[in-house]
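Below are the chains, spelled out letter by letter.
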2 protein chains.
Amino acid sequence: MAKVKTHEEANRRTDLVRAAARLFREKGFERTTVRDIANAVGMQSGSIFYYFKSKEEILLVVMEEGLLLALQDQETALQGVNTAREKLRALMRAHLKTLLERGSDFIPVLLYEWKSLSEESQARIVNLRDRYEQSWNETLQALKDEGAIPTSVRITRLFVFGALNWTAQWYDPNLRLDIDGVADRALELFVR
Amino acid sequence: MAKVKTHEEANRRTDLVRAAARLFREKGFERTTVRDIANAVGMQSGSIFYYFKSKEEILLVVMEEGLLLALQDQETALQGVNTAREKLRALMRAHLKTLLERGSDFIPVLLYEWKSLSEESQARIVNLRDRYEQSWNETLQALKDEGAIPTSVRITRLFVFGALNWTAQWYDPNLRLDIDGVADRALELFVR
DNA sequence: CCTACCGATCGGTAGG
DNA sequence: CCTACCGATCGGTAGG
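Residues numbered from 1 in each chain as written. Chains lettered and ligands numbered in written order. Predicted model: local features only at pLDDT ≥ 70, side-chain atom pairs only at ≥ 80, totals over all residues. Heavy atoms only, no water.

Visitor: Would you take a moment to explain the relation of the copies chain B and chain A for this structure?
Guide: Applying a rotation about an axis and a shift along it to one chain copy brings it onto the other copy. In screw terms, the move from chain B to chain A is a rotation of 180° and a rise of 0.0 Å along the axis, fitting with an RMSD of 0.0 Å. The relationship between the two copies is best expressed as a two-fold rotation axis. A shared binding surface is used by both copies, with 94% of the interface residues of chain B retained as interface residues in chain A. (Least-squares fit on C-alpha atoms with pLDDT ≥ 70 in both. Contact = heavy atoms within 4.5 Å.)

See the structure below:
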């Protein structure tokens, strides 16, 4: 009996995190009220605080679980890929899928609601972020050693992240160019 | 007498816009209160509404005046520059200066507080934004005609904007690399 | 999880 | 521009 209740609660909690992620992405953290979130899952606003101790904790969980998912996808994407160039393509594709595919609200929230996190929460996220960047650094370093990128690994990584993350502002799934196509254009731009 | 008062009022209004731009950049639009803005210029919160009809109007003015300044700087930067490659370098430098130099809070606000504008206000900004992008399109098209960029003008412009705008997240004026240096790295990346 | 509520804060106004 | 204020909303709590 207690087990069942735990599972139900975990599901409701997941519902809340998903709904919050979507609302945070669409309206921003500050413009989203706990009443909005509760409403989205058919709950009373006070009940939110049975699952989370504050609104900010929801934001933290959205970012944390999102990054953990992104890390998993990254690992999967690199499975069995050998050359540095193909690794970079795989990283780009995985990154864009996390960013652009329906239901992936985590990363945009991570990018745009950073300032709404307390400093303690920011520190927890930075740690995961560093892990996420590590695969990029390794791959870019290998390309650098091959002479395939002209500038430093750090600057290249920052330019790549900028170009890819900005796609969230303009990418339209209804147009001809699909997500893998965007990744391919980025690849030919950054690697020669 | 009336003239003098008008000038003083214009100055106070400018003070408010500047203070608001800085606060919007640092804390975000929603987390900045009219009391914060009034306080920053030594005014009572109610007095704000002698100068602006709403908080959102302040945001609109910040973005609008910022874009007009950016357009002026862009024009100046292109004076007497002849080759397409040098034009692109000038555009990149001007863009990064607007983005990164102290006191230039407009563009970050423009980039990150877009969703806080009403649709009517967004329409007014889009118009200016299109004008700003026009010089980029012309220059990139010239480079495309020379065979100096591998992908379409639109995609290249979006990747360039992404890479450059993202610098606001990581650029540190205390490090070795100065703003023109960032522009040069971007140039060698995007133009071959 | 709900009900009922509160204290704080916020954008904005009236009247001078 | 200030004073004095208001109506609405918001995050969060107590008690069940």
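From this point, the narrative continues.
Visitor: Can you help me understand the UniProt feature "DNA-binding region" (unreviewed entry) in chain A in this one?
Guide: The UniProt record marks residues 33–52 of chain A with the feature "DNA-binding region" (unreviewed entry), using the residue numbering of this structure. Split by type, residues 33–52 of chain A is 55% helix and 0% strand. Its first and last C-alpha atoms lie 14 Å apart. (UniProt positions renumbered as here; feature names shortened; annotations may be inferred. Helix = DSSP H or I, 4+ residues; strand = E, 2+ residues; numbered from the N terminus.)

Visitor: Is there a simple way to think about the UniProt feature "domain: HTH tetR-type" (unreviewed entry) in chain A in this case?
Guide: Listed under "domain: HTH tetR-type" (unreviewed entry) in the UniProt record, and renumbered for this structure, are residues 10–70 of chain A. Here residues 10–70 of chain A is 74% helix and 0% strand, with 21 Å between the C-alpha atoms at its ends.

Visitor: What is the right way to look at the protein's contact with DNA strand D in this model?
Guide: In the vicinity of DNA strand D lie 14 residues, with Lys55 of chain A together with Arg12, Gln44, Ser47 and Tyr50 of chain B positioned nearest. Sugar and phosphate atoms represent 59% of those atoms of DNA strand D found within 4 Å of the protein. In the environment of DNA strand D, a phosphate oxygen lies 3.5 Å from a nitrogen or oxygen atom belonging to the backbone of threonine 32 of chain A. Within the contact set of DNA strand D, a phosphate oxygen lies 2.6 Å away from a backbone nitrogen or oxygen of lysine 55 of chain A. Tallied by class, the residues present in the surface near DNA strand D amount to five nonpolar, six polar and three charged. (Near = heavy atom within 4 Å. Polar contact = N/O pair within 3.5 Å; in protein donor to acceptor, adjacent residues only side chain to side chain. Nonpolar A, V, L, I, M, F, W, Y, C, P; charged D, E, K, R; others polar.)

Visitor: Just checking my understanding: could you explain the packing of aromatic side chains for this structure?
Guide: Describing an aromatic ring pair means giving the distance of the ring centres and the angle of the ring planes. Tallied over the full model, the rule gives 11 aromatic pairs over all chains. With a centroid separation of 5.2 Å and an interplanar angle of 55°, the aromatic rings of tyrosine 112 of chain A and tyrosine 112 of chain B are classed as tilted. One end of the pair, tyrosine 112 of chain A, is in helix H6 (residues 106–112); the other, tyrosine 112 of chain B, is in helix H6 (residues 106–112), on a second chain. On the numbers, 6.5 Å between centres and 65° between planes, the contact of tryptophan 170 of chain A with tyrosine 171 of chain A is edge-to-face. Tyrosine 171 of chain A shares its class with tryptophan 170 of chain A; the two are buried. Members of the aromatic cluster, connected to one another through ring pairs, are Trp170 and Tyr171 of chain A together with Phe159 of chain B. One cation-aromatic arrangement involves lysine 55 of chain A over phenylalanine 29 of chain A; the distance from NZ or CZ to the ring centre is 4.3 Å. Lying across the ring of tryptophan 114 of chain B, arginine 129 of chain B places its NZ or CZ 4.9 Å from the centre. (Phe/Tyr/Trp six-rings, centres within 6.5 Å; stacked < 30°, edge-to-face > 60°. Buried < 20%, exposed > 50% of the residue type's maximum accessible area, 1.4 Å probe, protein only. Lys NZ or Arg CZ within 6 Å of the ring centre and 35° of its normal.)

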